[in-house]
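Structural features, examined
The primary structure of each chain is shown beneath.
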Amino acid sequence: MKKKRFLLVALAAIMFIFTGCSKSSESGGEADKNSGEKASGETFTLKAGHSLTEDHPYHIGLLEMAKNVEERTDGKVKIEVFPLSQLGAERELTEALTLGTADMSVSSTAPIVNFYPEIGIVDMPFLFESREHAYKVLDGEIGQELLKGMENIGIIGLAWGENGFRHITNAKHPITKPADLKGIKIRTQENPIHLDAFNALGAKPTPMAWTEALTALQQGVVDGQENPIVVADTYKLFDANQKYMTLTGHLYSPAVIMFSKTTWDKLPAEYQEILSEEAKKSGDQIRELIKKSDEDSLKVLKEQGMEIIEEVDVSPFREAIQPVYEKYESEFGKEKIDAILNTK
Ligand code: PAF
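No experiment lies behind these values; they were computed from the predicted model shown. Each chain carries its own residue numbering, running from 1 in the direction its sequence is written. Thresholds applied to this predicted model are a pLDDT of at least 70 for local features of residues and 80 or more for the giving and counting of side-chain atom pairs; totals over whole chains, interfaces and linings are not thresholded and use all residues. Hydrogens and water are ignored here; the side-chain numbers use all heavy atoms of the structure.

As for the packing of helix H12 (residues 322-332) against helix H13 (residues 334-341)
A fitted line through C-alpha atoms serves as each axis, taken over the contacting stretch for helices, and the angle formed by two N-to-C directions is quoted from 0 to 180°. In DSSP terms, a helix is any run of H or I states spanning at least four residues, a strand is any run of E spanning at least two, and both are numbered starting from the N terminus. Orientation of H12 relative to H13, taken along the N-to-C sense of each, is 110°, at an axis distance of 7 Å. What the angle tells us is that H12 and H13 run roughly perpendicular. Every residue of H13 that contacts H12 at Tyr325, Tyr328, Glu329 and Phe332 is listed here: Lys334, Lys336, Ile337 and Leu341. Here the nonpolar group is Ala, Val, Leu, Ile, Met, Phe, Trp, Tyr, Cys and Pro; Asp, Glu, Lys and Arg are the charged ones; every other residue, Gly included, is treated as polar. Taken together, the residues of the contact of H12 with H13 sort by class into five nonpolar, no polar and three charged. Just so you know how the angles are binned, under 35 degrees is roughly parallel, over 145 roughly antiparallel, 65 to 115 roughly perpendicular, and the rest oblique. Whether two residues are in contact is decided by their heavy atoms: any pair within 4.5 Å suffices.

Quick look at the structure:
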């Protein structure tokens, strides 16, 4: 596993050396000294990656950002958007950003935890009651500090987007209570909190990158997975043995639009400002589109014959994961967790 991951990161690094952030100078200025300076005639071509399909809001939001940035910089900053993990799965791509071998990505927070454990606080199960609750926390002091803290790992966290509330799908039977999860092999993201939560629920969690998950579902290596409704739709999980979906909403999946600090520091301040503003707009657009997609995607899943368990009493699920809260109180601070839970 480790060897495979190393090879993927090495491959991403080699790809970047040949294809990554490229600059062409019309002025002959030294690009590496650009940060904080006024823009000269240089052109920057940046590559942005994500793991989802071209009809997913991540892609639509990034394309809109690319268009606006290009317009506002008179064509001097171009962003090329790569879907479907073409630049690496979320964990690999995040690592590449920290190493300066990739420029930009939008990723759910779960795999970022492997490099920046503090961000794990927003990956606690049943933390957010609603989208509005999540927006208040993420757009407030706690969320903004988490973005700022990414600089310590060589990443500039520009804005929050989202992938939506996560729900459980599986091939075996309808899940209405934690006991139904007993023995179910479920693919989770590569995140220790998610792993603990599914262990506490009695399932058999198997963390893996999304790039491996589809095959694992198709071949029956795992029985189920958990993701927002839009992912089940855009990835046609009904064709990967997923017959049942339970709307547990056990996790809200925030997403971060982020840059490698190495790339960021090469950009003139004027362009950095434009990128920050456009990333925020793009994050808001992604949130809006994901919210809208829930209803449409649910309709598709039903039409495709999936049985959707919509009315779920989540209190037994919430109770079962309480030990996870006790475990992570010392890591994230009980006060901070309570501050999030009590944000109105
Ligand atoms: O399950 C995951 O790994 C993520 O939710 C996904 C599908 C890559 C989107 O961020």
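We are not done yet, so read on.
Remarks on the side chain of Arg287
By the element assignment, Arg287 lies in helix H10 (residues 269-303). Relative accessibility under 20% of the residue-type maximum defines a buried residue, over 50% an exposed one, and the middle range a partly exposed one, all with a 1.4 Å probe and only protein chains included. Judged by relative accessible area, which is 4%, Arg287 ranks as buried.

Side note on the confidence of the model for the protein
Residues of the protein with pLDDT of at least 70 account for 90%, and the chain-wide mean is 92. One number per residue, pLDDT, summarises how confident the predictor is, and it ranges from 0 to 100. This stretch, residues 25-33, has a pLDDT under 50; its non-local contacts, to residues over four places away or in other chains, come to 15 contacts.

Focus: the pattern of salt bridges
In the sections that follow, a salt bridge refers to a side-chain nitrogen of Lys or Arg positioned within 4 Å of a carboxyl oxygen of Asp or Glu. Across all of its chains, the model carries 18 salt bridges by this definition. Arg72 is paired through a salt bridge with Glu277; the nearest N and O atoms lie 2.7 Å apart. Separated by 205 residues along the polypeptide, Arg72 in helix H2 (residues 57-72) and Glu277 in helix H10 bring together distant segments of the chain. Note that Asp196 is salt-bridged to Lys327, the shortest N-O span being 2.9 Å. Of this pair, Asp196 sits in helix H6 (residues 192-200) while Lys327 sits in helix H12, and the two are 131 residues apart along the sequence. Among the residues examined, Lys327 registers a relative accessible area of 48% and is labelled partly exposed. A cluster of three or more residues bridged by salt bridges with shared partners is formed by Arg72, Glu277, Glu278 and Lys281.

A few points about the packing of helix H4 (residues 131-139) against helix H5 (residues 141-149)
At their nearest, the axes of H4 and H5 sit 3 Å apart, and the two run at 55° to each other. The angle between H4 and H5 places the two elements in the oblique class. Residues Val137, Leu138 and Asp139 of H4 form the contact with H5, whose own contacting residues are Ile142, Gly143 and Gln144. Split by residue class, the contact of H4 with H5 holds three nonpolar, two polar and one charged.

Some words on the nonpolar core
Side-chain atoms within 4.5 Å are what join buried Ala, Val, Leu, Ile, Met, Phe, Trp, Tyr and Cys residues into a set we call a nonpolar core. Counting 52 residues, the largest nonpolar core has Ile119, Met124, Phe128, Met150 and Val256 as its most contacted members. At the level of secondary structure, the elements contributing two or more residues to this core comprise helix H3 (90-99), H4, H5, strand S5 (155-170), H6, strand S9 (244-260), H12 and H13. Those residues in contact with Val256 that sit more than four places away from it in its chain are Ser105, Val106, Ser107, Thr109, Ile112, Ile119, Leu147, Met150, Gly157, Ala159 and Trp160.

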